[in-house]
Amino acid sequence: MPGETELTSAYSSKVADDLQRNVAEQERIRGEVARLTAELDELMHDHGVLLSLQQALQTGAPASGREAPRQKAGNGRRSGKSSGAAKATLVELIRNHLAASSTPCSASDVTTALSEQHRDRRIQTTVVRTSLENLVGKGYAHRAKEGSSVFYTAATPAK
């Protein structure tokens, strides 16, 4: 029986390690999917705007009132969905939340607040975390690490 106990312990440890690696890989892939989805949304939006402009140029008529193509910096982007009134993008919601917050926020804090404010949207912490990191990379937010926790604040605009 002693050999059996050691073998069971070894298998349990191996399974626990494999589960932890699996969860980490899922998180990584979710983040990548979120980034690619945002990039695809931006491209689809730009495609629609470009088609509208092309049609306006061909007919000589003014463009259909659609907004101008977006810049890559994530400033004031709108969803490419044609559901009537344009919804703010998740990135816009996150930036607004950080700007309105008087204290640093974790990705979980931001997710909870936005989920409560926008019950019609499914907001995931992994997507919020990826968006926050992208905002840090673009200089729109700052990151501060306290122990194992990460907190974000809005970057103050340069004057």
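First, a word on scope: everything that follows refers to the structure included in this document. Fair warning: this is a prediction, and the values are worked out from it, not measured in the lab.

The rules we used
Residues numbered from 1 in each chain as written. Predicted model: local features only at pLDDT ≥ 70, side-chain atom pairs only at ≥ 80, totals over all residues. Heavy atoms only, no water. Helix = DSSP H or I, 4+ residues; strand = E, 2+ residues; numbered from the N terminus. Buried < 20%, exposed > 50% of the residue type's maximum accessible area, 1.4 Å probe, protein only. Contact = heavy atoms within 4.5 Å. Pairing = 2+ DSSP bridges. Phe/Tyr/Trp six-rings, centres within 6.5 Å; stacked < 30°, edge-to-face > 60°. Lys NZ or Arg CZ within 6 Å of the ring centre and 35° of its normal.

1. Focus: the overall build of the protein
Tallying secondary structure elements over the protein gives four helices and two strands in all. Along its sequence from the N terminus, the protein presents helices and strands in the succession α-α-α-α-β-β. Taking all 159 residues of the protein together, 25% fall into the buried category. The contacts of the protein with a sequence gap of at least 6 include a subset with a gap of at least 24, amounting to 42%.

2. Notes on the pairing of strand 2 (residues 149-154)
Sheet faces and side chains relate simply in a regular strand, where the side chains alternate between the two faces. In the sheet, strand 1 (residues 141-146) pairs with strand 2 via six bridges, with the strands oriented antiparallel. When the bridges of strand 2 are listed, Ala-141 appears paired with Ala-154. Connecting the antiparallel pair strand 1 and strand 2 is a turn made up of two residues, with Gly-147 showing a positive phi of about 65°.

3. A closer look at the packing of aromatic side chains
A complete count under the given rule lists zero aromatic pairs for this structure. Here Arg-95 stacks its cationic end above the ring of Tyr-140, 3.8 Å away from the centre of that ring.

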